[in-house]
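If you want the building blocks of each chain, they are given just below.
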Amino acid sequence: MANKQIWTATGRRKTSVARVTLVGGTGKITVNGVDVEEYFPFATLVMDLKQPLVATNNENRFDIDIKVNGGGFSGQAGAIRLGITRALLKFDENTDQTREDSYRHILKAQGFVTRDPRIKERKKYGLKKARRAPQFSKR
């Protein structure tokens, strides 16, 4: 059996962690063993996580297997997008990164390489949520 080259990467967003595996193939994406269209309830989330593939013209070049846990659907989609971006960068690491058509240049220009640092702020004592104070009553 011929060895297929595999590229793996990890993506994180909010409290979600995604382990992404890229293998040469036909463009099939599975999330936790289920097709991506069935896993995510909204087509916009699927479109969001495919953005790095569309930007680099690789929609039908790789089969992608994803294991994701934690958070909600939106955070998971963001984690998968970052994981796919990092795996594509590993795939393209042998090309000259100063060229205009390098994956790093394309993906960085669209903001896919940077991890989104926004997470939920912790609740503080005496407040209802992180910043929401109890209702004030004058009388």
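Our subject in this report is the structure included herewith. (Residues numbered from 1 in each chain as written. Predicted model: local features only at pLDDT ≥ 70, side-chain atom pairs only at ≥ 80, totals over all residues. Heavy atoms only, no water.)

What follows concerns the overall build of the protein. In terms of regular secondary structure, the protein is built from five helices and five strands. Reading the helices (α) and strands (β) of the protein from amino to carboxyl end gives β-β-β-β-α-α-α-β-α-α. Expressed along its principal axes, the backbone C-alpha trace of the protein runs to roughly 75 × 35 × 25 Å. Counting across all 139 residues of the protein, residues that qualify as buried make up 33%. Contacts in the protein between residues far apart in sequence, at least 24 positions, make up 68% of those at least 6 positions apart. Within the structure as shown, the protein displays about 9300 Å² of accessible surface, and the carbon and sulfur contribution to it stands at 51%. Taking the average place of the 27 positive charges on the side chains of the protein and the average place of its 14 negative ones, the gap between the two points comes to 17 Å. (Helix = DSSP H or I, 4+ residues; strand = E, 2+ residues; numbered from the N terminus. Buried < 20%, exposed > 50% of the residue type's maximum accessible area, 1.4 Å probe, protein only. Contact = heavy atoms within 4.5 Å. Areas by Shrake-Rupley, 256 points an atom, 1.4 Å probe, with all protein chains shown as cover. Lys, Arg positive; Asp, Glu negative; His and termini not counted. Charge placed at Lys NZ, Arg CZ, Asp CG, Glu CD.)

A word on the packing of aromatic side chains. Any two aromatic rings considered together are summarised by their centre-to-centre distance and by the angle between their planes. As enumerated under the stated definition, the model contains seven aromatic pairs in all. Both rings, one in Tyr39 and one in Phe40, keep their centres 5.1 Å apart while their planes meet at 85°; by these two values the pair is edge-to-face. Each member of the pair Tyr39 and Phe40 is classed as buried. Both rings, one in Tyr39 and one in Phe73, keep their centres 6.0 Å apart while their planes meet at 85°; by these two values the pair is edge-to-face. On the criterion of sequence distance, the pair formed by Tyr39 in helix H1 (residues 36-39) and Phe73 in helix H4 (residues 73-91) is long-range, its members being 34 residues apart. For Phe73, a relative accessible area of 38% gives the class partly exposed. Among the aromatic residues, those joined into a cluster by ring pairs are Trp7, Phe62, Phe91 and Tyr103. (Phe/Tyr/Trp six-rings, centres within 6.5 Å; stacked < 30°, edge-to-face > 60°.)

One recurring pattern in soluble globular proteins is that nonpolar side chains are buried together. Counting 29 residues, the largest nonpolar core has Phe40, Ile64, Ile66 and Ile80 as the members making the most contacts within it. Elements represented by at least two residues in this core include exactly strand E1 (6-13), strand E2 (16-24), strand E3 (29-31), H1, helix H2 (43-49), strand E5 (62-69), H4 and helix H5 (103-109). For this core, the element with the most residues is H4, which contributes seven residues. Excluding residues within four positions of it along the chain, Ile66 makes contact with Ala18, Arg19, Val20, Ile29, Thr30, Val31, Asn32 and Ile80. (Core = buried A, V, L, I, M, F, W, Y, C linked by side-chain atoms within 4.5 Å.)

Summarising the element assignment, Asn58 is placed in the loop between helix H3 (51-55) and E5. At 3.0 Å, the side chain of Asn58 forms a polar contact with the side chain of Thr56. Beyond its immediate stretch of four places on either side in the chain, Asn58 contacts Leu53, Leu88 and Tyr103. (Polar contact = N/O pair within 3.5 Å; in protein donor to acceptor, adjacent residues only side chain to side chain.)

Of note in this structure, Lys14 is not a glycine but carries a positive phi near 55°. Relative to the helices and strands, Lys14 resides in the loop between E1 and E2. For Lys14, a relative accessible area of 44% corresponds to the partly exposed category. Positive phi, normally seen in glycine, also occurs at Asn32, with a value near 50°. Along the chain, Asn32 turns up in the loop between E3 and strand E4 (34-35). By relative accessible area, Asn32 is classed as partly exposed at 33%.

Note: E1 against E2, eight bridges, orientation antiparallel. Paired with Trp7 across the two strands is Leu22, which belongs to E2. (Pairing = 2+ DSSP bridges.)

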